Amino acid sequence: MPSSRPLRADARRNREALLAAARTAFLADDDAHVEEIARRAGVAVGTLYRHFETRETLVAEVYRQEVAELCATPARLLGQYAPDEALRTFLLLLVEHAAVGRGMGEVLESIMATDSPVFDSTREEMARALDGLLAAGVAAGLVREGVSGRIVLRALGGICGLRADGWKDDAVRIATILYDGLRYGAANDGRTA
């Protein structure tokens, strides 16, 4: 079990190198072995296991980082774009996130089969990020009221979970349809729902 005290600088560098190597390996190959990840990070396998008890723990941490980066983008998007365009951009980023997550597919599925809180907390983070974008869109009169981030996430989750050829193109099209639907009936739309 990792200690709660701060890591020494060299241990922190090793941990960051392991996470970077794991991210690259998992995105390129579902079956990346811990030995290969440690080699890419320039550390011994024992060092990997000092930071991450299991391969699944390592995958979960890589996934948490991916979601944290994704959920940090709404504030930046709202600073660059009108709220409805920020929402559209974030919906497309969610599709891209699903593509990245698919690169870790088998391992993520094994984590999902356990009682891991990773997916509960990351789903909540993504829903909160969407809630903020939706609220900004509603306040500007550009997005309809009464839709939560959780509902939008579920709508996208259905298509992003498919493993059929061409799923990503379909998901982008569906995200666009969802975006159009979220704008329909907004205060500035001139139409009623």
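This text goes with the structure placed above it.
No experiment lies behind these values; they were computed from the predicted model shown.

Rules of the game
- Residues numbered from 1 in each chain as written.
- Predicted model: local features only at pLDDT ≥ 70, side-chain atom pairs only at ≥ 80, totals over all residues.
- Heavy atoms only, no water.
- Helix = DSSP H or I, 4+ residues; strand = E, 2+ residues; numbered from the N terminus.
- Buried < 20%, exposed > 50% of the residue type's maximum accessible area, 1.4 Å probe, protein only.
- Contact = heavy atoms within 4.5 Å.
- Areas by Shrake-Rupley, 256 points an atom, 1.4 Å probe, with all protein chains shown as cover.
- Expected span 1.5 Å × (residues − 1).
- Arc of directions from axis to C-beta.
- Salt bridge = Lys/Arg side-chain N within 4 Å of Asp/Glu carboxyl O.
- Core = buried A, V, L, I, M, F, W, Y, C linked by side-chain atoms within 4.5 Å.

Considering the overall build of the protein chain
Moving on, step 1. On a plain count of helices and strands, the protein chain comes out with ten helices and zero strands.
Moving on, step 2. In the protein chain, the succession of α and β elements from N to C terminus is α-α-α-α-α-α-α-α-α-α.
Moving on, step 3. Here the protein chain, with 193 residues, has 38% of them falling under the buried criterion.
Moving on, step 4. Considering only intrachain contacts with a sequence separation of at least 6, the fraction spanning at least 24 residues in the protein chain is 67%.
Moving on, step 5. Summing over all exposed atoms, the protein chain offers an accessible surface of approximately 10,600 Å²; the carbon and sulfur share of this is 52%.

Side note on helix H10 (residues 167–183)
Moving on, step 1. Across its 17 residues, H10 extends 24 Å between first and last C-alpha, which sits within 8% of the 24 Å expected from 1.5 Å per residue.
Moving on, step 2. Within H10, burial applies to Trp167, Ala171, Ala175, Leu178, Tyr179 and Leu182. Relative to the axis of H10, the buried residues are bounded by an arc of 115 degrees and lie together on one face. Facing away from the buried surface of H10 by more than 90 degrees, the exposed residues are Arg173 and Ile177.
Moving on, step 3. Positive backbone phi, at 85 degrees, marks Gly185, one or two positions downstream of H10.

Comments concerning the pattern of salt bridges
Moving on, step 1. In the structure shown here, the tally under the stated rule is eleven salt bridges.
Moving on, step 2. Across the pair Glu36 and Arg39 runs a salt bridge whose closest N-O atoms are separated by 2.6 Å. Of this pair, Glu36 and Arg39 both sit in helix H2 (residues 34–41), separated by three residues, roughly a single helical turn.
Moving on, step 3. A relative accessible area of 55% means that Arg39 is categorised as exposed.
Moving on, step 4. Among the ionic contacts, a cluster of salt bridges with common partners joins Arg23, Glu66 and Glu69.

Observations regarding the nonpolar core
Moving on, step 1. Membership of the largest hydrophobic core comes to 33 residues, with the highest contact counts inside it found for Leu87, Phe90, Leu91, Leu94, Met126, Leu130 and Leu182.
Moving on, step 2. For this core, the secondary-structure elements that each account for two or more residues are helix H4 (55–71), helix H6 (83–102), helix H8 (118–139), helix H9 (149–160) and H10.
Moving on, step 3. For this core, the element with the most residues is H8, which contributes eight residues.
Moving on, step 4. Phe90 has contacts with Leu70, Thr73, Pro74, Leu77, Ala129, Leu130 and Leu133, leaving out every residue within four places of it along the chain.

Structural notes on the environment of Leu156
Moving on, step 1. Tracing the sequence through the fold places Leu156 in helix H9.
Moving on, step 2. Looking at Leu156, the relative accessible area reads 3%, which means it is buried.
Moving on, step 3. Taking the C-alpha atoms as reference points, Leu156 and Val95, separated by 61 residues in sequence, lie 7.7 Å from one another.
Moving on, step 4. Ignoring sequence-local partners within four residues, the contact set of Leu156 consists of Leu91, Leu94, Val95, Ala171, Ala175 and Leu178.

Bear in mind that shape data such as this cannot, by itself, settle questions of function.
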